[in-house]
Amino acid sequence: MATLKQKLFQKIEEHRPRTTKLLKEHGDTKLQEITIEQAIGGARGIKCLVTDISYLDPEEGIRFRGKTIPETFAALPKVPGSDYPFVEGFWSFLLTGEMPSMQETLAVVEDFKARSQVPQYVFDVLRAMPRDTHPMTMFSAAILSMQRESVFAERYRQGNLKKNDYWDPMYEDACNLLAKLPTIGAYIYRMKFRSDTPIAPDPKLDWGGNFAHMMGIPHPYDDVARMYFVLHSDHESGNVSAHTVHLVASALSDAYYALSAGINGLAGPLHGLANEEVLRWTQKFIEGLGGKEPTDEVIRDALWATLKSGQVVPGYGHAVLRKTDPRYMSQREFCLKNLPDYPLFKVISQIYKVAPGVLMEQGKAKNPWPNVDAQSGVIQWYYGVQEYSFYTVLFGIGRAIGTLANIIWDRALGYAIERPKSVTTAMLEKVAADAKK
Ligand code: HAX
């Protein structure tokens, strides 16, 4: 049986001629025209990134390597006794585009175990930080602190690494880093929020199962972890975290620098931190009810109060999606099955009923429907993770899977250092005036 790395290499060699041909024979073919609105408005919709790992259709939502979320979950090898798949198998699938067999998946599980030991200095770094430091800051710092381990940086420094081989040490860094992230995340949680009582990893467990074990939360939290990490892994390349990882790595910064930077982007309230904001908003709303049942009218008023104070409604809207996020639906289905009568879930569902109408009435948001973050916190809360500042770390562990898979392929296909062009406002004004003539 070929190892994942050998299989990946075969896929890379098969793929390379496609990229070379596009560049050499069709490099000057126009992809689209760019408007002033796009230049000022966050490069929205500008097609200037290439990835085969996932694609986000505005109506349908995400597909991983061509598969929808339900198709992905259905096809991946499952952890024995669980409804959810091995995250390790998903990693293999994202990297190669081929669904791994159980045997191939278990080989990745073993490979990750061999790479999973976190150096003591990482814990020392975390312990040296003030205990009230945000968990995302800790997570990013822990990743960055391990940069000295980078195989890519070391091999590049040695001066004999060829461009065609860049993907190889990038693969090593990505696997070494990924294997350690559950331990780091759980350590931050237990250190900060469980009276500094870290739990050692269990070498018998898979990546997701071990995370649940180290969090100290029994089954079915292991399934929650597996589901959560897969759902949050990738959302094509233009979102802030994925784009940042890609951008930083394009300078041939290694995976540690790149992922740490991406995590910093994920920490923004318009991106990953929205899941924290959703719970903050909802809990404040529930407190304000003073024990009364929320009616649609009360929810409507609270949403309007948020909008009128100039804030966004967290968990709603999306830069690309134009319908309810299938990642939201996937988590909603989990809630309907496992916690249908949980009061917080009922409130979240009621907000789902009311918020789109309010946002449509306000008329600003192009997408009034919920995104992934509107539904993820309630599951954590139900299983006892009620410290919502931790939620984005969970997102970050998942996001690492997609972004690291991407930068391995970036190096394999020789993608260039990223360098979009800027213009001045006066230049835009001239273009606008010339267009009117
Ligand atoms: N509440 C209030 N106003 C909203 C809104 C919301 N949920 N979503 C969009 N708008 C507003 C925008 O702020 C913008 O207002 P201005 O014209 O005054 O600037 C206007 O509607 C048009 O924005 P848009 O084109 O629909 O949305 P963008 O592509 O600019 O932004 C965001 C997409 C996700 C950032 C946006 O919808 C938002 O702020 N949502 C709330 C925060 C959130 O849930 N973020 C998580 C998104 C998913 C994700 O990345 N997860 O990690």
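Look up: the structure comes first, before these words.
Here the structure is a predicted model, which means the values were calculated and not measured. (Residues numbered from 1 in each chain as written. Predicted model: local features only at pLDDT ≥ 70, side-chain atom pairs only at ≥ 80, totals over all residues. Heavy atoms only, no water.)

1. Structural notes on helix H8 (residues 151–158)
Reasoning step 1: A side-chain oxygen of the first residue of H8 lies 3.3 Å from the backbone nitrogen of Phe 152; this N-cap is Ser 150.
Reasoning step 2: Gly 159 lies just past H8 and shows a positive phi near 85°. (Polar contact = N/O pair within 3.5 Å; in protein donor to acceptor, adjacent residues only side chain to side chain. Helix = DSSP H or I, 4+ residues; strand = E, 2+ residues; numbered from the N terminus.)

2. Focus: the pattern of salt bridges
Two side chains carrying opposite charge are able to pair once their charged atoms lie near each other.
Reasoning step 1: The full count for this structure, using the stated rule, is 29 salt bridges.
Reasoning step 2: Its salt-bridge partner being Asp 222, residue Arg 226 comes within 3.5 Å of it at the nearest N-O pair. Of this pair, Arg 226 and Asp 222 both sit in helix H11 (residues 221–231), 4 residues apart, which is roughly one turn of the helix. Pair check on accessibility: Arg 226 and Asp 222 agree, each one buried.
Reasoning step 3: Residues Asp 434 and Lys 430 are paired through a salt bridge, measuring 2.9 Å at the closest nitrogen-oxygen approach. A residue pair is termed a helical-turn pair when its members lie 3 or 4 positions apart in one helix, as Asp 434 and Lys 430 do in helix H20 (residues 425–436) at 4 residues.
Reasoning step 4: For Asp 434, a relative accessible area of 32% gives the class partly exposed.
Reasoning step 5: One connected set of salt bridges, linked through shared partners, spans Lys 5, Asp 111, Arg 115, Arg 155, Asp 168 and Glu 172. (Salt bridge = Lys/Arg side-chain N within 4 Å of Asp/Glu carboxyl O. Buried < 20%, exposed > 50% of the residue type's maximum accessible area, 1.4 Å probe, protein only.)

3. Concerning the nonpolar core
Reasoning step 1: Among the nonpolar cores identified, the biggest contains 120 residues, and Trp 91, Phe 211, Tyr 221 and Leu 404 are the most heavily contacted of them.
Reasoning step 2: Other than its neighbours up to four places away in sequence, Trp 91 contacts Leu 4, Val 108, Phe 112, Ala 174, Cys 175, Leu 178, Ile 401, Leu 404, Ala 405 and Ile 408. (Core = buried A, V, L, I, M, F, W, Y, C linked by side-chain atoms within 4.5 Å. Contact = heavy atoms within 4.5 Å.)

4. Thoughts on the site of the ligand
Reasoning step 1: Near the ligand, the surroundings consist of 21 residues, among which Leu 270, Gly 315, Tyr 316, Lys 366 and Asp 373 are the closest.
Reasoning step 2: Interatomic distance of 3.3 Å between a backbone N/O atom of Ala 365 and an oxygen atom of the ligand.
Reasoning step 3: In the complex, 76% of the free accessible area of the ligand, which totals 900 Å², lies under the protein chains. (Near = heavy atom within 4 Å. Areas by Shrake-Rupley, 256 points an atom, 1.4 Å probe, with all protein chains shown as cover.)

5. Re the side chain of Asp 173
Reasoning step 1: Structurally, Asp 173 is set in helix H9 (residues 167–193).
Reasoning step 2: Lacking a salt bridge, the buried Asp 173 has Arg 115 as its closest oppositely charged neighbour, with an N-O distance of 7.6 Å.
Reasoning step 3: Contacts of Asp 173, omitting those with residues within four sequence positions, involve Glu 149, Ser 150, Val 151, Phe 152, Asp 254, Ala 255 and Tyr 256. (Lys, Arg positive; Asp, Glu negative; His and termini not counted.)

6. Regarding the packing of aromatic side chains
Any aromatic ring pair is given by two values, namely how distant the centres are and how the planes are angled relative to each other.
Reasoning step 1: Applying the stated rule across the entire model yields 20 aromatic pairs.
Reasoning step 2: A centroid spacing of 5.2 Å and a plane angle of 70° characterise the contact between Phe 211 and Phe 229, whose relative ring orientation is edge-to-face. On the criterion of sequence distance, the pair formed by Phe 211 in helix H10 (residues 207–215) and Phe 229 in helix H11 is long-range, its members being 18 residues apart. One exposure class covers both Phe 211 and Phe 229, and it is buried.
Reasoning step 3: With centroids separated by 4.8 Å and ring planes inclined at 55°, the aromatic side chains of Tyr 328 and Tyr 352 adopt a geometry described as tilted. With Tyr 328 in helix H16 (residues 326–338) and Tyr 352 in helix H17 (residues 343–362), this pair connects stretches of sequence that are 24 residues apart.
Reasoning step 4: Tyr 328 sits in the buried class, given a relative accessible area of 0%.
Reasoning step 5: Residue Tyr 352 is classed as buried on the basis of its relative accessible area, which comes to 18%.
Reasoning step 6: Grouping aromatic residues by their ring pairs yields a cluster made of Phe 73, Tyr 84, Tyr 221, Phe 334, Tyr 342, Tyr 382 and Tyr 383. (Phe/Tyr/Trp six-rings, centres within 6.5 Å; stacked < 30°, edge-to-face > 60°.)

7. Regarding the packing of H9 against H10
Reasoning step 1: H10 packs onto H9 with a crossing angle of 15° between their chain directions and a minimal axis gap of 9 Å. What the angle tells us is that H9 and H10 run roughly parallel. When you trace H9 past H10, the crossing you get is right-handed. Seen from H9, the contacting residues are Leu 178, Ala 179, Pro 182, Thr 183, Gly 185, Ala 186, Tyr 189 and Arg 190; seen from H10, they are Trp 207, Phe 211, Met 214 and Met 215.
Reasoning step 2: Tallied by class, residues from the contact of H9 with H10 come to 9 nonpolar, 2 polar and 1 charged. (Axes fitted to C-alpha atoms, helices over the stretch in contact; angles between N-to-C directions. Parallel < 35°, antiparallel > 145°, perpendicular 65-115°, else oblique. Left-handed = near helix turned anticlockwise from the far one by under 90°. Nonpolar A, V, L, I, M, F, W, Y, C, P; charged D, E, K, R; others polar.)

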